[in-house]
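What follows is the residue order along each chain.
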Amino acid sequence: MNKITLLLLCIILHGCKQRTTNDRPNIVWIVSEDNSAHFMNLYASNGVATPNIEKLANKGILFENAYSMAPVCSAARSAIISGCNNVRTGTQFHRASQDVPLPHGVEFYSKLLQDAGYYTANNSKEDYNYKTTDKGWNESSRKASYRNRKEGQPFFQVWNFGTTHESCLHFDPKEVTTKPTNINPDTITVFPYHPNTKLFRYTYARYYDQIQKMDKQVGEKVKQLKEDGLLSNTIIFYYGDNGGILPRSKGYAYDNGTKVPMVVYLPKKYQHLFPTELPNRSKAMVNFTDLAPTLLSITGCKIPNELDGKPFLGKSVTKEDLNSRDEVFSFADRFDEKSDMVRTIRIGNYEYIRSYQPFYIDGQYNMYRYKQATYREWYNLYRDGELTAQQSAFFKDRPAEMLFDLSKDPHEIKNLSSDPHYRDILSKMRSKMIQKEQDLNDLSFFPESYLQKVAFSDPSSFGIKHKKEINELMDIANLELLSFDEAKESIVANLNASNPWKRYWALIVCSSFGRQAEELLPVIQTIASQDDERLVRVRAIEYLGLLGDKKVIKDITDEVNQSKNVMEIVEILNSASMIKMHQPNFNFHINPNLISPDWDKKETVWVKNLVSYLNGEGLII
């Protein structure tokens, strides 16, 4: 090989190396915990200023409609890391009673980036509901940094800020007078569903202070990247991991619990990855399942077909693609010891909320929620009859379906589902929800303790195999959307079904109808005492408790004492908690020593919290 040929070969190889390193963007994710878009003036006129995040938006894209898959961290982060919808993968519960394997063909995006040559540094929260031995992080700790990469190696860096985490509002109410806030509480506009009290205004101000502290942290990280000479080839994402922490946001599938701020800074070198001019306020609706495929798209990695999300940045993304993104799906399931099953779809300006257990009120007891003084004050004001109808709704049964026009009603106060002018929109949204649930094989139509036994070794495959059964259970649940007279024949047939989960859902439907279903009392009483499946008996006991039958106190206690499965015990105690919220004069006497040393720590805490509340020793009594 002559010198000229050798020189040309070196030049070619050097050029290839440059394209495989310098031409690929570095990616930074800056994630703040528990921030809804409703609290920041980038999105809401009464929100707090965040000048450093605003600077990023002024040189990039602000997504006006970015949504967390769930209003709580472990479920939200499980959707992000996998790109898969939680309700089909068994990762919808916070926190997982049992971690599950990834669906077939799916890897964590961090592993895919690592395999493509990226240095992956996570600083530092994980909190996934998946079990895997290789998460794909070169570093995952409080010291994880792109600065530890090899020279010239592209990197993916996550910085997670807990400054705004819910725990920052777990303060002594005395601090209202002893610990002043930077923002004047008297300038606060309280959301219409909250009582306008001194404590609420102070809590808003204290939370806004934390958001501004977080914004300064964002500025510090951007400054670091600039000082390291990296801003020109680094794409920066800022987003919140779920909704905010004032009552009725985090943990709840309302817009305030799932709509998050999301800003993407694109340096000039990579502005071709977005199909319109910058800066831009995009109305495209994006969901957390879209983050993994977007990351793979802009780094040139192959996107696995098994992912549920779609990229919203990258060479292949067109303006038409963005304009067509007008639908997002979110959910709320179990949060620690608090049970729920809510699914939401937003299409355009409309949000449809389907509550599958509408008699499980939003204000259902949850120890972590009620550690916040505003929750306790809100409940006490409700109990004392000092709230408006809007403010009281949090502690009352929900409609099985709700429809809101977010362009006119951003705080979801006026339910349009019974308004004849919106009948066609309601029908469209309902059909969309049913189709989405069918497509996903939503595993929550089975109790979590049952899924532990039969599904969590391979949840996605279980859902596919049991698709027909899931759809049949969903059909029973949707009897809640009919009048009782229209639903009665099907309810009776399913109360006598051989499949226990059909009986289970028929009883939930009875509870949603309340006293309208009282003519079915003889069969429900028989199920409560004689059914072969414990959780079916418990659902029958639930109905009797809602009617005010005090005998359920002993029945619930017996079921708890006889169960050997800790998750099943949590589910039974949840039913008792729901009954007590409706019947506060019911005095339970659950044995506090029922806890086994073999139980997982988090499950032990859940049981302790529920037992404490039921026995009159909780944060509200």
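Before reading on, note that the structure itself is shown above.
Quick caveat, the model's predicted, so the values are computed rather than measured.

1. Overview of the overall build of the chain
Helices and strands together make up the secondary structure of the chain, namely 24 helices and twelve strands. Since a compact globule built from 621 residues should have a radius of gyration of about 25 Å, the 26 Å found for the chain is in line with a globular shape. With the principal axes as the frame, the chain shows a C-alpha extent of 95 × 60 × 55 Å. A buried classification covers 61% of the 621 residues belonging to the chain. A fraction of 74% describes how many contacts in the chain between residues 6 or more apart in sequence connect residues 24 or more apart. Accessible area for the chain stands at about 25000 Å²; split by element, carbon and sulfur atoms hold 48% of it. Between the averaged position of the 77 positive side-chain charges in the chain and that of its 76 negative side-chain charges there is a distance of 6 Å.

2. Topic: the sheet that holds strand β6 (residues 234-240)
Here we have eight strands laid out as an open sheet, ordered β4-β3-β5-β1-β6-β7-β2-β8, and mixed in their pairing. Looking at the sheet topology across the chains shown, the edges are occupied by β4 (139-140) and β8 (280-287). As defined by bridge partners, β6 adjoins strand β7 (residues 259-265) across four bridges and the pair is classed as antiparallel. Bridge pairing links F237 to V264 in β7. Strands β1 (26-32), β5 (155-161), β6, β7 and β8 of the sheet are contacted by helix α9 (residues 291-298), whose axis makes an angle of about 175 degrees with β6.

3. A few points about the packing of aromatic side chains
The final tally for this structure, using the stated rule, is 43 aromatic pairs. An angle of 90 degrees between the planes, with centres 6.5 Å apart, marks the rings of Y370 and Y379 as edge-to-face. Three or more aromatic residues link up through ring pairs in this structure, and these residues are F200, Y252, Y365, Y370, Y375, W378, Y379, Y382, F394, F395 and Y613. Looking at R369, its charged tip hangs above the ring of F335, at a distance of 4.1 Å from the centre. Over the face of the ring belonging to Y613 we find K580, whose NZ or CZ atom lies 6.0 Å from the ring centre.

4. Digging into the pairing of β8
The buried count for β8 comes to six of eight residues, which makes it a mostly enclosed element. Direction of pairing for strand β2 (residues 60-67) relative to β8: parallel, over a ladder of six bridges. Bridged to A66 within β8 is V286.

5. Examining the side chain of R88
You can see R88 is positioned in helix α4 (residues 86-89). Reaching out from R88, the side chain makes a polar contact with the backbone oxygen of E306 at a distance of 3.1 Å. Sequence-distant contacts of R88, defined by excluding residues within four places in its chain, comprise P103, E306, D308, L440, N441, L443, P459 and S460.

6. Considerations on the nonpolar core
Counting 207 residues, the largest nonpolar core has W29, Y109, F156, F237, F288, I491 and W505 as the members making the most contacts within it. Per-element tally for this core: the top contributor is helix α7 (residues 198-227), with twelve residues. Setting aside anything within four residues of it in sequence, one finds F288 in contact with Y67, S68, M69, A76, A79, I80, Y239, G240, D241, V260 and M262.

7. Topic: the environment of V509
Structurally, the position occupied by V509 is in helix α19 (residues 500-513). For the pair V509 and P304, spaced 205 residues apart in sequence, the C-alpha separation works out to 39 Å. When near neighbours in sequence (up to four residues on either side) are disregarded, V509 contacts I476, A477, L479, E480 and I491.

8. What to know about the pairing of β7
Across the seven residues that make up β7, a large majority, seven, are buried. Alignment of β2 against β7, held across six bridges, turns out to be antiparallel. The residue bridging F63 from the neighbouring strand is M262, located in β7.

9. Things to note about the pattern of salt bridges
Applying the stated rule across the entire model yields 40 salt bridges. For R354, the salt bridge goes to E480, with nearest N and O atoms at 2.9 Å. With R354 in strand β11 (residues 350-355) and E480 in the loop between α17 (467-477) and α18 (484-495), this residue pair connects regions lying 126 residues apart in the sequence. For the pair R354 and E480, a shared accessibility class is recorded, and that class is buried.

The rules behind each value
- Residues numbered from 1 in each chain as written.
- Predicted model: local features only at pLDDT ≥ 70, side-chain atom pairs only at ≥ 80, totals over all residues.
- Heavy atoms only, no water.
- Helix = DSSP H or I, 4+ residues; strand = E, 2+ residues; numbered from the N terminus.
- Rg over C-alpha atoms; globule rule 2.2 N^0.38 Å.
- Buried < 20%, exposed > 50% of the residue type's maximum accessible area, 1.4 Å probe, protein only.
- Contact = heavy atoms within 4.5 Å.
- Areas by Shrake-Rupley, 256 points an atom, 1.4 Å probe, with all protein chains shown as cover.
- Lys, Arg positive; Asp, Glu negative; His and termini not counted.
- Charge placed at Lys NZ, Arg CZ, Asp CG, Glu CD.
- Pairing = 2+ DSSP bridges.
- Axes fitted to C-alpha atoms, helices over the stretch in contact; angles between N-to-C directions.
- Phe/Tyr/Trp six-rings, centres within 6.5 Å; stacked < 30°, edge-to-face > 60°.
- Lys NZ or Arg CZ within 6 Å of the ring centre and 35° of its normal.
- Polar contact = N/O pair within 3.5 Å; in protein donor to acceptor, adjacent residues only side chain to side chain.
- Core = buried A, V, L, I, M, F, W, Y, C linked by side-chain atoms within 4.5 Å.
- Salt bridge = Lys/Arg side-chain N within 4 Å of Asp/Glu carboxyl O.

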